[in-house]
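Structural characterization, general
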Amino acid sequence: MDVDTRLLRYFMAVVEEGTLTRAAERLFVSQPALTKQIKQLETRLGVRLFTRSRTGMTVTEPGRMLAERAPALLADWDRVLRETKSAASRAARLLRVGFMGSAANEATPRIIAEFTRRRPGWRVEMRQATWSNPSAGLADGDVDVALLRLPFPGQDALRTAVLFTEPRWVALPEGHPLTARDVIPFRDLWDEPFVAAPPETGWWRDRWLATDERDGHPVRVGAVVDQPDDWLSAIANGYGVALAPASAARFYARPGITYRPVSDVSPSQVGVAWARSDDTNPVVQDFVRRCLEIRDAIGN
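Conventions adopted
- Residues numbered from 1 in each chain as written.
- Predicted model: local features only at pLDDT ≥ 70, side-chain atom pairs only at ≥ 80, totals over all residues.
- Heavy atoms only, no water.
- Helix = DSSP H or I, 4+ residues; strand = E, 2+ residues; numbered from the N terminus.
- Buried < 20%, exposed > 50% of the residue type's maximum accessible area, 1.4 Å probe, protein only.
- Contact = heavy atoms within 4.5 Å.
- Lys, Arg positive; Asp, Glu negative; His and termini not counted.
- Charge placed at Lys NZ, Arg CZ, Asp CG, Glu CD.
- Pairing = 2+ DSSP bridges.
- Axes fitted to C-alpha atoms, helices over the stretch in contact; angles between N-to-C directions.
- Right-handed = clockwise from strand over helix to strand, strands pointing away.
- Phe/Tyr/Trp six-rings, centres within 6.5 Å; stacked < 30°, edge-to-face > 60°.
- Core = buried A, V, L, I, M, F, W, Y, C linked by side-chain atoms within 4.5 Å.

**A few points about the overall build of the chain**
When its secondary structure is counted, the chain shows 9 helices and 13 strands. Projecting the C-alpha coordinates of the chain onto the three principal axes gives extents of approximately 65 × 55 × 25 Å. By the burial criterion, 47% of the 300 residues in the chain qualify as buried. Counted over contacts in the chain with a minimum sequence separation of 6, partners at least 24 positions apart contribute 73%. Distance between charge centroids for the chain: 3 Å, based on 40 positive and 38 negative side chains.

**Considering the sheet that holds strand β13 (residues 268-275)**
What the 5 strands build is an open sheet, ordered β4-β3-β5-β13-β6; its pairing is mixed. Strands with a single pairing partner mark the edges of an open sheet, and in this sheet they are β4 (123-128) and β6 (158-166). Taking each pair of neighbouring strands and ignoring which way they run, the sheet shows an average axis angle of 25°. Summarising the sheet, strand β3 (residues 94-99) and strand β5 (residues 145-150) pair through 3 bridges and their orientation is parallel. Within β5, the residue paired with G98 across the bridge is A146. Strands β3, β4 and β5 of the sheet are contacted by helix α5 (residues 107-118), whose axis makes an angle of about 150° with β4. Helix α9 (residues 282-298) rests against β3, β5, β6 and β13 of the sheet, and its axis sits at about 160° to β13.

**With respect to the environment of I298**
Looking at where I298 falls in the secondary structure, it is placed in helix α9. According to the relative accessible area criterion, I298 is partly exposed, its value standing at 49%. Separated by 141 residues in sequence, I298 and A157 have C-alpha atoms that sit 28 Å apart. Discounting residues that sit within four places of it in the chain, I298 has contacts with A107 and R110.

**Thoughts on the pairing of strand β10 (residues 220-224)**
The sheet contact formed by strand β9 (residues 193-196) and β10 spans 4 bridges and is parallel. Note on β10: the bridge partner recorded for P193 is R220. Read as a crossover between parallel neighbours, the route from β9 over helix α6 (residues 203-209) to β10 is right-handed.

**Here's the deal with the packing of aromatic side chains**
This model, assessed by the stated rule, comprises 5 aromatic pairs. Geometrically, the ring pair formed by F115 and F287 is edge-to-face, given 5.8 Å between the ring centres and 70° between the ring planes. Within this pair, whereas F115 is found in helix α5, its partner F287 is found in helix α9, the two being separated by 172 residues in sequence. With respect to class, F115 is no different from F287; both count as buried.

**Focus: the nonpolar core**
Counting residues in hydrophobic clusters, the biggest one holds 45 residues, and the most contacted among them are M100, V170, F186, L189, W231 and L243. Of all elements in the fold, only β5, β7 (168-173), β9, α6, α7 (228-236), β11 (242-245) and β12 (257-263) reach the threshold of two or more residues within this core.

Laid out in structure tokens, this is it:
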């Protein structure tokens, strides 16, 4: 009998969170989808893993046995998978760098150029992740290192270093009344409809809606999109406004959109992240050092 490791990860999330709702939010999946996966695991094992009640999910005795053994099994599998993929990259002299959004902005080409200068014959492959993949593939071993917006879920299990901090601005449809202002207080945006990422992106959606910085004021969602081009189109077409890094005014400038600084909202940080197991990986550490050197040269 084969059991998908994904099912075990879903099971452990429910065990650790105690409810399907919190586990689904952590996993960036819908609650019905998670319920289906748990039932599938129970069917494959032929045992009941949880008893369900209004207060949450209670682990059964067979469930407790699985919960005790599954973390070590998953950790071993993750290590084997990471080492296998890393070995393939080393053989090809390829460094896989995951990123979200604009990565390290203008610093990215400089980091790559300096890395390849120090490592002749090596090539850097940039891999853009979706908003629902908070580690840009790093947690799954799909990349060797990542350039990310901090903080992100699962960050404590990885190594990170901050490269720079930038304020968050707002992207507005051209002609919006607020474009007449030089700086917009965040409170003045609370009643505006926002262009949001899909609910399954969880932390990313909440971060860029600044849900925890509204004093409980509800968010109005004018449109839901799952990629940058659609995000830009929705704003330009007047479906809503959106918070964005200040650098978006340079990287995502387009007709129909105006960017303005926003006061009283927290800034955004960009960092480099790598697996703890790669603390002694000379290639990964070379890339990290190049990131830090470029950061220090630019000034954070």
